[in-house]
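Structure assessment
Now for the letters of each chain:
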Amino acid sequence: MKRSLFVTLIVVCALFQTSSASAEDKLTYEEHVRPILKANCFHCHGEEKELAGGLDLRLSRLLVAGGESGSAIVPGDAESSLLISYVETGMMPPSEEQQLSADDIAVLSRWIDQGAKTLRPEPEETPVPGELLITTEDREHWAFQPIVKPEVPAVKPEIANPIDAFVAAKLSKHNLTFSPRADKITLLRRACFDLLGLPPTLEQINQFVNDESSDAYERMIDRLLSSPHYGERWGRHWLDVVGYADSEGYNDKDLIREDAWSYRDYVIRSLNNDKPWDRFIIEQLAGDELVQATHANAQGLGNKDSESLELLTATGYLRMAPDGSGSSPDDPQLARKEVVTDTVKVVSSSLLGLTVGCAECHHHRFDPIPQEDFYRLRAIFAPVYDMEKWRMPAARRMAILSPEEKAKADEIEAKAKKLDEQHDQRKEEVMRIILGRVLETIPEEQREYALKTFETPKAKRDVEQTNFAEEQYPMLGLLRVGTLHLFLARFEDEKELKESYEKFQKEAQELRKDKPQPTYVRVATEDTSHVPETHVFHRGDVNSPEEAVIPPGGLKVVSPVAAKVTQKTFPENNDSLPTTGRRLAYAEYLTNGKHPLVSRVLVNRFWMHHFGQGLVDTPGEFGLRSNPPSHPELLDWLAADFQENGWKLKRLHKLIMTSRTYQQTSLRNEQAQAIDSDNRLLWRMPVKRLEAELVRDAILAVSGRLNDRPFGPSVPVGVNPGGVVTVGGGTISDDKKELKRSVYIQVRRTQPVAMLEAFDAPQMEPNCERRVSSTVATQSLTMLNSQFIIKQSQAFAERVLEQAEENANAEQLIQAAWKLALADQPTTEELVAMKSFLADQLPDADAAKPEERTAALAALCQVLLNSNRFLYID
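Residues numbered from 1 in each chain as written. Predicted model: local features only at pLDDT ≥ 70, side-chain atom pairs only at ≥ 80, totals over all residues. Heavy atoms only, no water.

In terms of helices and strands, the protein carries 37 helices and eight strands. Taken over the C-alpha atoms alone, the protein extends approximately 125 × 90 × 50 Å along its principal axes. Residues classed as buried in the protein amount to 51% of the 874 residues present. Long-range pairs, those at least 24 residues apart, make up 72% of the contacts in the protein with a sequence separation of at least 6. (Helix = DSSP H or I, 4+ residues; strand = E, 2+ residues; numbered from the N terminus. Buried < 20%, exposed > 50% of the residue type's maximum accessible area, 1.4 Å probe, protein only. Contact = heavy atoms within 4.5 Å.)

Here it is in structure tokens:
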């Protein structure tokens, strides 16, 4: 305890000294003042075309020049400066929600008192009102720097894994070391959930535990990486980021997307196949352009070969944003605009790690992203989402049949058409029979005229014939093939006559039931007949486009040119393609190995899924307000190494998982805790709670009821009799699709599955860059009272009893259940507690009926499923 207190006092003193020293720092406009003014004041005083009060705050000298009320600051005299007076009294900023904090006001005052210094001479030319100035400091932000692979630190003793070298070097600076290695069972369980999202099977446990070779751990990792369940686990991570959903969202109608699941399956297959991520990105942004598909020929190409189909399916990435345009929205133009806006948000957050969407209505409040940059990105996708020639969601899909399915469909249709011909022929014959009977009701001398009138098309009958057929003998005028049913009811042989032609129709219908139905695939394609122009919408209003045409391009801040120079990132149109080629050019630009953000964002996200927190703790925000990386050199090394080695994720998994950093125990250390309570230095392995889908999947796997059939249409969700949204509405179909892994469950934006929602399943609005992990009462209530949990606990107990020996005692049953649920054996104390619990459930075990024994064991199984050991990964 004394040692802990001593360490704490040292830390506190160090923090106090740092704070005191910072008060004496020399402040500059660029480093300390501009960020405050940009976040709170620039939107009225500089970045709008009209300057409020004639005052521009974007340069230090402009504050001195002042506006309509005079100079805003008096260098060297904060007390006499209008700026300080206004912010201290709350006059400015005018919104109560944007009042400056006391710390911000103190920084402004100290800067003025120090003489309102700048870091460097300011440009002589006065910036144009409304222009966003990208400064040297903006460009020097860590995330915008070129990725350069740093040298691996030399540490002693020598470390083979580069990750460990970087982490150990950082630990040593704080007098910390790695925690001990975790035991085999902990490592196996950690690896299985990390790579597969499932608990280890008994076979996996025995295989790894009994493998005493020096490379047993590496071989276990290889086996997991080759499992088809790998793509299901890591595909779910990517589906979060792209905003995957099986419904359109936008409004309460939340129309079902019957065609989204093909993209989900594409993602899973791509990850299982270890598709390089540069290729993976290119396919999703521009798979259609890779095969030169257009809106007109996409369906033909998709049905032509599997490669074209895969590339077209990949573009479902651009179709994941909410799309209310087909739901009869109140404002159709606004709904269409929002589709494009959300698509830009999904692309920018998933690949760039920036909140570009915040620049739709005005320059970004915090980051160096001008409003024009948002519309430059928008122009890349405008040919897909043409506001002037809009296509509804149902018109943006392909009907796909495999060659075998098409051949079978053609064969069935040919047979059915012959039956159709026989049906039509016999129906005509029956009509002639009825005609004969109608003619018998007409005087004999008029029958020849009546027959001639009947055989004359109605439109060509003269007045006399019309009167004869419609006034004198209306039954004659009424008779035709389509009205036979009205006549047949008058005759005794009606069953026989109808059956004589309907039998052919019924045979054709039955035959067509076996006809393969097309699979609909959600795709993004361009209509080559029209390329829309992109304009800035004033304040984001779709009805207020500005005059200038905005070309497609990337973000200016990561361009190597000076802030005022506009450079086209790539050509507006590619003459060698039938489409504009904008998306293909942009995808190749992002993956050329020179972009500073893409691989940093990706490897940070991969790291987060292994450790629970990224090296950058805001995976969707790499802008100026993000915290710097905990290990910046490691982040850059990983990003560069990822690119150098073919953008292969499975290789990166193995590199991370074979590191000492990953293999540490998760146990806390009092001394290390005092120095680094948040574990940002990675002195231990963080504990992670299972994500929502993993909770459900793990329960099904342990109970033995998991349906591990992959792929296919999403499993519907519905409201059960108790009013709770469940998988399948609480019913289990014959094919048991409702017991498939959670990645295959329908994702309804307005109707999330209650159990998954309780465990923080994400809401796609429009996507999810990072899941929250809460601990709330509804989780415990779900695990105690949910019919799903109760039924699976029963199934778990039945599995234990089925696998146990006939006369297995309580201890053996407990050990078997424990191993299935937790991959381990209970300690002596745990075993005693479980035996006591089981005895309470079944006081007279010898006299108990089989169903009573199962019910008692089911209660124990539910306890295991509710335990922290089950719900958390050490």
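Now that the structure has been shown, we can carry on.
Looking at the largest pocket, its volume works out to about 1,100 Å³. Residue lining of the largest pocket: 45 residues in total, with Arg-58, Gly-130, Glu-131, Leu-132 and Leu-133 positioned closest to the centre. At the level of elements, α2 (29-40), α6 (136-139), α17 (371-381), β3 (535-537) and β4 (545-549) are the ones that each hand at least two residues to the lining of the largest pocket. Ranked by residues supplied to the lining of the largest pocket, first place goes to α2 with three residues. Per-class residue counts for the lining of the largest pocket are 19 nonpolar, nine polar and 17 charged. (1 Å grid on protein atoms, 1.4 Å probe; cavity = no way out; pocket = protein on both sides within 12 Å on 5 of 7 lines; lining within 4 Å. Points joined across faces, edges and corners; volume = space filled by probe spheres on them. Nonpolar A, V, L, I, M, F, W, Y, C, P; charged D, E, K, R; others polar.)

General note: in soluble globular proteins, nonpolar side chains tend to be found buried as a group. The biggest cluster of nonpolar side chains holds 121 residues, and the ones touching the most others in it are Trp-238, Tyr-263, Trp-277, Leu-285, Tyr-317, Tyr-586 and Leu-638. Not counting residues up to four positions away in its chain, the partners in contact with Tyr-263 are Trp-238, Leu-239, Val-242, Tyr-244, Gln-284, Thr-313, Ala-314, Gly-316, Tyr-317 and Met-320. Counting residues in hydrophobic clusters, the runner-up holds 50 residues, among them Leu-690, Ala-692, Ala-758 and Ala-821. (Core = buried A, V, L, I, M, F, W, Y, C linked by side-chain atoms within 4.5 Å.)

Once that is clear, we can look at the side chain of Thr-782. Relative to the helices and strands, Thr-782 is located in helix α32 (residues 777-785). Residues contacting Thr-782, with those up to four places away along its chain left out, are Met-755, Ala-758 and Ile-789.

Here we take up empty space enclosed by the protein. Tallied over the full model, the rule gives three cavities of 30 Å³ or more. Together, Trp-234, His-237, Trp-238, Leu-271, Trp-277, Leu-602, Arg-605, Phe-606, His-609 and Leu-649 line the largest cavity. Elements represented by at least two residues in the lining of the largest cavity include exactly α11 (229-242) and α25 (598-611). Here the element with the most residues in the lining of the largest cavity is α25; it accounts for four residues. In terms of residue class, the lining of the largest cavity is built from seven nonpolar, two polar and one charged. Of the volumes computed, that of the second largest cavity is approximately 50 Å³. In this structure, the second largest cavity is lined by Glu-232, Arg-233, Arg-236, Glu-693, Leu-694, Asp-697, Arg-741, Ser-742 and Val-743. Of all the elements in the fold, those that place two or more residues in the lining of the second largest cavity are α11 and α30 (692-703).

So, on to the pattern of salt bridges. Using the criterion set out here, one finds 55 salt bridges in the structure. Between Lys-737 and Asp-735 there is a salt bridge, with the nearest N and O atoms lying 3.9 Å from each other. Take Asp-735: its relative accessible area is 40%, and that puts it in the partly exposed class. It is possible to trace a salt-bridge network through shared partners that takes in Lys-149, Asp-641, Glu-644 and Arg-651. (Salt bridge = Lys/Arg side-chain N within 4 Å of Asp/Glu carboxyl O.)

That bond from Met-92 to Pro-93 is cis: its omega, -10°, falls within 30 degrees of zero. Note on placement: Pro-93 falls in the loop between α4 (82-89) and α5 (102-113). Here the bond from Lys-156 into Pro-157 is cis, since omega is -5°, no more than 30 degrees from zero. Mapping Pro-157 onto the fold places it in the loop between α6 and α7 (162-173). Notably, Ser-328 is not glycine yet its phi reads approximately 50°, a positive angle. Within the secondary structure layout, Ser-328 lies in the loop between α15 (306-314) and α16 (332-352). For Ser-328, a relative accessible area of 59% gives the class exposed.

Turning our eyes to something else, we now look at the environment of Leu-635. With respect to the helices, strands and loops of the structure, Leu-635 is situated in helix α26 (residues 632-644). Judged by its relative accessible area of 0%, Leu-635 falls in the buried class. Measuring from C-alpha to C-alpha, the distance between Leu-635 and Asn-669 comes to 26 Å, with 34 residues separating the pair along the chain. When near neighbours in sequence (up to four residues on either side) are disregarded, Leu-635 contacts Trp-142, Arg-600, Val-603, Asn-604, Leu-615, Val-616 and Pro-629.

So, on to the confidence of the model for the protein. Taken as a whole, the protein shows an average pLDDT of 92; of its residues, 96% reach a score of 70 or greater. Considering only residues more than four positions removed or in separate chains, one finds that residues 1-21, a stretch of pLDDT under 50, has six contacts. (pLDDT = per-residue confidence, 0-100.)

To continue, consider the domain arrangement of the protein. When the parts of a complex come together, some accessible area is lost, and that lost area is often taken as the interface size. Taken domain by domain, the protein holds domain 1 (2-131), domain 2 (276-398 + 523-590), domain 3 (403-517) and domain 4 (787-873). The centre of domain 2, based on its C-alpha atoms, is set 54 Å off from the matching centre of domain 3. (Domains from an automatic or database assignment.)

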